[in-house]
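Below are the chains, spelled out letter by letter.
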Amino acid sequence: MSIPRYTAVAVLFHWLIAVAIGSNFVLGLVMTDMAMSPAKLKYYSYHKWAGVTIFLLVLLRILWRLFHRPPELPAHMKTWERALAGVSHLLLYAATLAVPLTGWLFSSAKGFKTVYFGKWPIPDLLDKNPLLADLLKEAHENLAFLMAALVVLHVAAALKHHFIDRDDILARMVPGLRPRTGG
Ligand code: HEM
């Protein structure tokens, strides 16, 4: 008996976006602590076009999600657990859109173009506006840390399901992981 799993495309989106966001988060922290140098400017450029790529990937992922229902949650999960899972997934989707979007808006309001691979400039979302830029910078950085907190909760919940509840929640999203229920 095999267990219900996420589609291969949903699994690919999950891990690709997880690795990309983790890397861009670390790059964001490293680059802002650096002294002004050509390397710092290069990292800012990488951070920005990688962030826009993540934004587009998350949009595609949500589109796929709208047309491909996830597998049913295990029968043992209580109503509050199902509600918490639903709300935290919704907040994670919202955060993974809001963080790159506020970054892109901030960079636009600051008047700094985002240039793909250092070659292809992409449109700014706003005209230059120093006051708005300061607000958007705060929003970008605070949302990035809020998203990190949501991710920690998400991972803790997945590990609790696997090692404490001993159910198949983690195996549904990890290709090759043997299900707990002997599927
Ligand atoms: C999911 C994607 C993204 C993540 C996880 C992310 C995360 C971060 C983090 C953690 C910081 C450092 C915050 C701090 O030092 O307190 C940062 C800074 C920054 N981010 Fe992003 N970011 C993303 C996307 C973007 C995008 C799309 C842009 C612009 C197109 C952008 C532009 C910036 C800039 C310019 C800074 C530097 C702010 C400063 O000078 O202090 N980010 N980002």
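Read on for a plain summary of the structure. For every chain, the first residue of its written sequence is number 1, and the numbers climb from 1 along that sequence. In keeping with the model being predicted, local features are shown solely for residues with a pLDDT of at least 70 and side-chain atom pairs are shown and tallied solely at 80 or more, while totals for entire chains, interfaces and linings include all residues. For the side-chain quantities, the full set of heavy atoms in the structure was used; hydrogens and water were omitted.

### Regarding the pattern of salt bridges
If charged atoms from side chains of opposite charge come close, those side chains can pair. Operational definition: Each salt bridge in this description consists of a side-chain nitrogen of Lys or Arg and a carboxyl oxygen of Asp or Glu lying within 4 Å of one another. Here a helix means four or more residues in a row that DSSP labels H or I, a strand means two or more in a row labelled E, and each is numbered from the N terminus. The cut-offs for exposure are 20% and 50% of the maximum accessible area for each residue type, with area from a 1.4 Å probe on protein chains only; residues under the lower value are buried, those over the upper are exposed, and the others partly exposed.
As enumerated under the stated definition, the model contains four salt bridges in all. The salt bridge partner of K113 is D124, with a shortest N-O separation of 3.4 Å. In this pair, K113 sits in the loop between α3 (79-110) and β1 (114-116) while D124 sits in the loop between β2 (120-122) and α4 (130-163), placing the two residues eleven residues apart along the sequence. The exposure class of K113 is partly exposed, given its relative accessible area of 42%. Judged by its relative accessible area of 29%, D124 falls in the partly exposed class.

### Comments concerning the packing of aromatic side chains
As a reminder of what qualifies: Ring geometry is summarised as follows: Phe, Tyr and Trp rings, the Trp one being its six-membered ring, pair when their centres sit within 6.5 Å, and such pairs are stacked at plane angles under 30 degrees, edge-to-face over 60 and tilted between the two.
If you walk through the whole model with that rule in mind, you get eight aromatic pairs. On the numbers, 5.6 Å between centres and 85° between planes, the contact of F25 with F145 is edge-to-face. In this pair, F25 is assigned in helix α1 (residues 8-33) and F145 in helix α4, connecting sequence segments 120 residues apart. Taken together, a centroid distance of 5.5 Å and an interplanar angle of 70° make the contact between Y116 and F117 edge-to-face. Taking the relative accessible area as the measure of exposure, Y116 reaches 16% and is therefore buried. Put simply, the rings of Y43, Y46, W49, Y116, F117 and W120 touch in pairs and so form one group of aromatic residues.

### Quick word on unusual backbone geometry
Of note, F117 is a non-glycine position whose phi angle comes to about 50°, a positive value. Mapped onto the elements of the fold, F117 is located in the loop between β1 and β2. Notably, R166 is not glycine yet its phi reads approximately 50°, a positive angle. On the secondary structure map, R166 appears in the segment after α4. Take R166: its relative accessible area is 48%, and that puts it in the partly exposed class.

### Brief notes about a nonpolar patch on the surface
The condition is simple: For patch building, the residue pool is restricted to those with more than 30% relative accessible area and no salt bridge; the joining distance is 9 Å between like charges and 5 Å between nonpolar side chains (Val, Leu, Ile, Met, Phe, Trp, Tyr). Areas reported as accessible are Shrake-Rupley estimates using a 1.4 Å probe. Residue values count occlusion only from the protein chains shown.
On the surface, a nonpolar cluster with roughly 460 Å² of combined accessible area is contributed by V151, V155, L159, F163 and I164. By the secondary structure assignment, V151 is in helix α4.

### So, the site of the ligand
Counted only if it meets this: When we say a residue is near a molecule or strand, we mean one of its heavy atoms is within 4 Å of it. Pairs of N or O atoms within 3.5 Å make up the polar contacts considered here, provided that, within protein, one atom can donate a hydrogen while the other can accept it, and that residues adjacent in sequence are counted only when both atoms are side-chain atoms. Each residue is assigned to one class: nonpolar for Ala, Val, Leu, Ile, Met, Phe, Trp, Tyr, Cys and Pro, charged for Asp, Glu, Lys and Arg, and polar for all the others, Gly among them.
Looking at the ligand, there are 25 residues lining it, with T32, Y44, H47, H140 and E141 nearest. Separating an oxygen atom of the ligand from a side-chain N or O atom of T32 is a distance of 2.9 Å. H47 is positioned with one of its side-chain polar atoms (N or O) 2.7 Å from a nitrogen atom of the ligand. Where the shell around the ligand is concerned, the elements lending two or more residues are α1, α2 (38-67), α3 and α4. The residue makeup of the shell around the ligand, split by class, is 13 nonpolar, nine polar and three charged.

### Details of the side chain of K40
In plain terms, the rule: By the counting scheme adopted, Arg and Lys are positive, Glu and Asp are negative, and His together with the chain ends is not counted. Working rule for contacts: check all heavy atoms of both residues, and any pair within 4.5 Å makes them a contact.
Mapped onto the fold, K40 is located in helix α2. Despite its burial, K40 pairs with no opposite charge; the closest candidate is D33, at 7.2 Å N-O. In this structure the side chain of K40 is engaged in a polar contact, spanning 3.1 Å, whose partner is the backbone oxygen of M31. Of the polar contacts made by the side chain of K40, one reaches the backbone oxygen of M34; its length is 2.8 Å. Non-local contacts of K40, meaning those with residues more than four positions away in its chain, are made with M31, T32, M34 and A35.

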